[in-house]
Protein chains: 2
Amino acid sequence: MKALEDKILKEGSVLPGQVLKVGSFLNHQMDVPFIMEMGREIAARFRGEEIDKILTVEASGIALAFAAAYQMGVPLVFAKKNKTSNVSAGVYTTAVHSYTHGREFQIVVSREVLHPGERILLIDDFLANGCALRGLMDIAGQAGAAVAGCATAIEKGFQGGGDALRSEGIRVESLAILDGMEDGKIIFRHNA
Amino acid sequence: MKALEDKILKEGSVLPGQVLKVGSFLNHQMDVPFIMEMGREIAARFRGEEIDKILTVEASGIALAFAAAYQMGVPLVFAKKNKTSNVSAGVYTTAVHSYTHGREFQIVVSREVLHPGERILLIDDFLANGCALRGLMDIAGQAGAAVAGCATAIEKGFQGGGDALRSEGIRVESLAILDGMEDGKIIFRHNA
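These figures come from a predicted structure and were not determined experimentally.

Parameters at a glance
- For every chain, the first residue of the written sequence is number 1, and numbering continues from 1 onward in sequence order.
- Naming scheme: in the order in which they are written, chains are lettered from A and ligands are numbered from 1.
- Per-residue local features of the predicted model are confined to residues with pLDDT of at least 70, and side-chain atom pairs are confined, for both listing and counting, to 80 or more; whole-chain, interface and lining totals are unaffected and use all residues.
- Values shown for side chains rest on all heavy atoms present in the structure; no hydrogens or waters enter the calculation.
- Strands are runs of DSSP state E lasting at least 2 residues, helices are runs of H or I lasting at least 4, and numbering of each runs from the N terminus.
- We compute the radius of gyration from the C-alpha atoms alone; for a globule the expected value is 2.2 Å times N to the 0.38, where N is the number of residues.
- We call two residues contacting when some pair of their heavy atoms lies within 4.5 Å.
- A residue counts as positive if it is Lys or Arg and as negative if it is Asp or Glu; His and the chain ends are not included.
- Where a charge sits is defined by one atom per residue type, namely NZ (Lys), CZ (Arg), CG (Asp) or CD (Glu).
- Relative accessibility decides the category of a residue: with a 1.4 Å probe and only protein chains considered, values under 20% of the type maximum give buried, values over 50% give exposed, and everything between is partly exposed.
- To estimate the expected span of a helix, subtract one from its residue number and multiply by 1.5 Å.
- When DSSP finds at least two bridges between two strands, those strands are taken to pair.
- Every angle, taken between N-to-C directions, lies between 0 and 180 degrees, and every axis is a line fitted to C-alpha atoms, over only the stretch in contact when it is a helix.
- Here a Phe, Tyr or Trp ring, Trp counted by its six-membered ring, pairs with any other such ring whose centre lies within 6.5 Å, and the pair is stacked when the planes are under 30 degrees apart, edge-to-face when over 60, and tilted otherwise.
- Whether a charge lies above a ring is judged from NZ of Lys or CZ of Arg, which has to be within 6 Å of the ring centre and within 35 degrees of the ring normal.
- Here the term right-handed applies to a crossover when the path leading from its first strand over the helix to its second strand runs clockwise, the strands being oriented away from the viewer.
- Reported buried area values correspond to the accessible surface (1.4 Å probe) lost by two parts on association, with both partners' losses combined.
- The term salt bridge refers to a side-chain nitrogen of Lys or Arg lying within 4 Å of a carboxyl oxygen of Asp or Glu.
- Polar contact is defined as a pair of N or O atoms within 3.5 Å, subject to the rule that within protein one atom must be able to donate a hydrogen and the other to accept it, and that residues adjacent in sequence are counted only when both atoms are side-chain atoms.
- Only buried residues count toward a nonpolar core. Its members are Ala, Val, Leu, Ile, Met, Phe, Trp, Tyr and Cys residues joined through side-chain atoms within 4.5 Å.

(A) Molecular detail of the overall build of chain A. The secondary structure content of chain A amounts to five helices and 11 strands. For 192 residues, the compact-globule formula gives about 16 Å, and the C-alpha radius of gyration of chain A, at 16 Å, lands near that figure. The principal-axis extents of the C-alpha atoms in chain A amount to approximately 50 × 40 × 35 Å. Sequence separation of 24 or more characterises 61% of the internal contacts of chain A that already satisfy a separation of 6 or more. One finds the centroid of the 20 positive side-chain charges in chain A at a distance of 3 Å from the centroid of its 23 negative side-chain charges.

(B) Quick look at the environment of F34 of chain B. Residues and elements named next belong to chain B. With respect to the helices, strands and loops of the structure, F34 is situated in helix α2 (residues 32-45). Given a relative accessible area of 11%, F34 falls into the buried group. Distance in space between the C-alpha atoms of F34 and A67 is 9.8 Å, their sequence separation being 33 residues.

(C) Region of interest: helix α2 (residues 32-45) of chain A. Over its 14 residues, α2 of chain A runs 20 Å from end to end, which matches the ideal 20 Å to within 8%, given 1.5 Å per residue. Taken together, the buried positions of α2 of chain A are V32, F34, I35, M36, M38, G39, I42 and A43 of chain A.

(D) Here's a closer look at the sheet that holds strand β4 (residues 53-57) of chain B. As summarised here, the arrangement of the seven strands in space is β3(A)-β5(B)-β4(B)-β8(B)-β9(B)-β10(B)-β11(B), forming an open sheet in which the pairing is mixed. Each edge of the open sheet carries a strand with a single partner, namely β3 (29-30) of chain A together with β11 (187-188) of chain B. Both β4 of chain B and strand β5 (residues 76-79) of chain B contribute to a ladder of four bridges, which runs parallel. Within β5 of chain B, the position partnered with I54 of chain B by the bridge is L76 of chain B. Its contacts with the sheet put α2 of chain B on β8 (119-127), β9 (146-156) and β10 (172-180) of chain B, and the angle it makes with β10 of chain B is roughly 115°.

(E) Main features of the packing of aromatic side chains. Across all of its chains, the model carries four aromatic pairs over all chains by this definition. Taking the centre distance of 6.0 Å and the plane angle of 85° together, the rings of F25 of chain A and F34 of chain A count as edge-to-face. Note on F25 of chain A: relative accessible area 0%, which makes it buried. The ring of F34 of chain B carries the charged tip of K7 of chain B above its face, separated from the ring centre by 5.0 Å.

(F) Region of interest: the pairing of strand β9 (residues 146-156) of chain A. Residue and element names in this part refer to chain A. With nine of 11 residues buried, β9 lies mostly within the body of the structure. Here eight bridges tie strand β8 (residues 119-127) to β9, and the two strands are oriented parallel to one another. Its bridge partner being in β9, L127 is matched across the sheet by E155. Of the crossover connections in this fold, the one passing from β8 over helix α4 (residues 131-143) to the parallel β9 is right-handed. Pairing analysis gives six bridges linking β9 to strand β10 (residues 172-180), with the strands arranged parallel. The partner of K156 across the bridge, within β10, is L178. Regarding the hand of the β-α-β motif, the stretch spanning β9, helix α5 (residues 161-167) and β10 is right-handed.

(G) Just the interface of chain B and chain A, in detail. Between chain B and chain A, the contact holds 38 residues from the first and 38 residues from the second. In this assembly, chain B packs against chain A so that about 3,500 Å² is buried in total across both faces, 64% of it on carbon and sulfur atoms. For the interface between chain B and chain A, the tally reads two salt bridges. Of the charged contacts, one joins K21 of chain A and E112 of chain B as a salt bridge, the two residues approaching to 2.8 Å between their closest N and O atoms. Applying the counting criterion to the chain B and chain A interface returns 12 residue pairs in polar contact (both at pLDDT 80 or more). Counting only elements with at least two residues in the side of chain B that touches chain A, the list comes to β2 (19-21), β3 (29-30), α2, α3 (62-72), β5 and β7 (103-110) of chain B. Of all the elements, α3 of chain B adds the most residues to the side of chain B that touches chain A, at six residues.

(H) Main features of the pattern of salt bridges. Residue and element names in this part refer to chain A. Counted under the stated rule, the structure contains 32 salt bridges over all chains. Of the charged contacts, one joins K7 and D31 as a salt bridge, the two residues approaching to 2.8 Å between their closest N and O atoms. On the criterion of sequence distance, the pair formed by K7 in helix α1 (residues 2-11) and D31 in the loop between β3 and α2 is long-range, its members being 24 residues apart. On the basis of relative accessible area, K7 is assigned to the buried category, the value being 13%. Under the relative-accessibility criterion, D31 is labelled partly exposed at 23%. Note that R45 and E173 form a salt bridge whose closest N and O atoms lie 3.0 Å from each other. Of the two residues, R45 sits in helix α2 while E173 sits in strand β10, which places them 128 residues apart along the sequence. Among the residues examined, R45 registers a relative accessible area of 23% and is labelled partly exposed. Through salt bridges with shared partners, a single ionic network connects E41, R45, E49, R119, R171 and E173.

(I) Local environment of the nonpolar core. L4 of chain A together with L4 of chain B are the most contacted members of the largest nonpolar core, which has 84 residues in total. If near-sequence neighbours (up to four positions away) are discounted, L4 of chain B is found in contact with F25, F34, M38, A153, I154, L175 and A176 of chain B.

See the structure below:
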């Protein structure tokens, strides 16, 4: 998505540790019409696919997932990162390692909102090593739901998580794929 | 907002400890068109007010805040609950006590996304004792921004947080106000 690449180049910055900072429009402050545009692009890419529900994980994936769900006319479920008193007995849960936070956390989805046979689109803002998406796939599997595919805004292609999923036959659509960010210079992947 | 009261009565349930469970449409699974409707209602209530930005706190407030921001044509900032490596030096931070989680946590907003003189609308999904909104007010104050008002989907009026804010002259718009939920029976407040 050219508009996203342009925005990353214009507003993003590369921090030490190959961190791409896009807090001006994606994951801290949010450029709402732009995120709605990205949701429209995700809906367009998955047009023709039967999708019953979108599943994301809190917190920064929620806005993009909401935008895509609005464009596709399907409900959205977000996995919670801690079991709270608001999610009653009967949950699916799995462990996810976060490299950003340097720790493992549980993600939790109530059995009441994910059902056998449903076709699920997984959405997150970032895809790096793929741990978060694999956690959501595990949750979907526990529910007996089918994963129709994954969509993310920004994939760090050089970390390999997206390509590993693709090599397993999972459809992964990322609106911008970074193949490198050495010395602060961002290189996008442009496949045919 | 009659449609929200109806939905609470139809889909919500009261758990022990005066917890209102609305995870089927608001804070776990999300009824996206309905949340967009609530965003439209918030925009209508604040029409004529000068508002530059919406501020919420992760995670379950993000969708409603996104919907309102979309309807009002303003950017959205969500406060993060932990300092991550993605928020660089220069942040506003304050402590918020969460009764749901039974602990205190820090909320953090980068100085880059909140500025002196901006007029801020604070949005959250729930308003009970008002701790989260007061934390956001503190953050706005640190930034030298003005709070134009607060909007929430569901206010537990019987916990007093909303009325305390109103008594201090802060405009608080809640789309549904519960004045009681004794014995599982939900009583809505209907002022003139």
